[in-house]
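Residue-level listing of the chains:
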Amino acid sequence: MLDTTPLTQAVDHFADRLRAAPQSRLQRSAAAEALALAREFARWTQRAEEPGTEPREMPDAGMFAVADQILVAAHDLALVLKSDDEVAEAVRRVEEARQRAGV
């Protein structure tokens, strides 16, 4: 069984940082970065689960919901990843989004 712990730990850390961020930081860029990552992970999961279909876009539930959105999307993604390389790529994307978000 594939160990996706690095992904879940990275996204848990990002979500915790988002929840602790002031509203002004969320408004500037953090919420947008988190939503973009959640949408990216949702598309990745949908491509794995439903190849050949048009991915649906995760809705914008607001800046105070993005932490939950990235958690759900990442945990869904963790279920369909097939290799350590895919896990490493997902972790890299989380870290890059967290840095761009400034949290």
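Calculation criteria
- Residues numbered from 1 in each chain as written.
- Predicted model: local features only at pLDDT ≥ 70, side-chain atom pairs only at ≥ 80, totals over all residues.
- Heavy atoms only, no water.
- Axes fitted to C-alpha atoms, helices over the stretch in contact; angles between N-to-C directions.
- Helix = DSSP H or I, 4+ residues; strand = E, 2+ residues; numbered from the N terminus.
- Parallel < 35°, antiparallel > 145°, perpendicular 65-115°, else oblique.
- Left-handed = near helix turned anticlockwise from the far one by under 90°.
- Contact = heavy atoms within 4.5 Å.
- Nonpolar A, V, L, I, M, F, W, Y, C, P; charged D, E, K, R; others polar.
- Phe/Tyr/Trp six-rings, centres within 6.5 Å; stacked < 30°, edge-to-face > 60°.
- Buried < 20%, exposed > 50% of the residue type's maximum accessible area, 1.4 Å probe, protein only.
- Salt bridge = Lys/Arg side-chain N within 4 Å of Asp/Glu carboxyl O.

Peer 1: Would you mind going over the packing of helix 2 (residues 23–49) against helix 4 (residues 84–101) with me for this structure?
Peer 2: Helix-helix packing: each pair is described by the crossing angle between the helix axes and the interaxial distance. At their nearest, the axes of helix 2 and helix 4 sit 8 Å apart, and the two run at 165° to each other. Compared by their axis directions, helix 2 and helix 4 come out roughly antiparallel. As helix 2 packs across helix 4, the resulting crossing turns out to be right-handed. Residues Arg 25, Ser 29, Ala 30, Glu 33, Leu 37, Glu 40, Phe 41 and Trp 44 of helix 2 pack against Glu 86, Glu 89, Ala 90, Arg 93, Val 94, Ala 97, Arg 100 and Ala 101 of helix 4. A per-class count over the contact of helix 2 with helix 4 returns eight nonpolar, one polar and seven charged.

Peer 1: What exactly am I supposed to notice about the packing of aromatic side chains here?
Peer 2: In total, this model carries one aromatic pair according to the counting rule given. Between Phe 41 and Trp 44, the aromatic rings sit 6.1 Å apart at their centres with planes inclined by 65°, giving edge-to-face as the arrangement. Within this pair, Phe 41 and its partner Trp 44 are both found in helix 2, separated by three residues, close to a single helical turn. No difference in accessibility class separates Phe 41 from Trp 44, as the two residues are buried.

Peer 1: So what exactly am I meant to see when it comes to the pattern of salt bridges here?
Peer 2: Two side chains of opposite charge can pair, provided their charged atoms sit close to one another. For the coordinates displayed, the defined rule picks out 10 salt bridges. Glu 33 is the salt-bridge partner of Arg 100, the closest N and O atoms lying 2.9 Å from each other. Linking Arg 100 in helix 4 with Glu 33 in helix 2, this pair joins segments that are 67 residues apart in sequence. When its relative accessible area of 48% is taken as the criterion, Arg 100 is described as partly exposed. Across the pair Glu 50 and Arg 56 runs a salt bridge whose closest N-O atoms are separated by 3.2 Å. The partly exposed category is assigned to Glu 50, whose relative accessible area is 30%.

The values are spatial; any link to function lies outside them.
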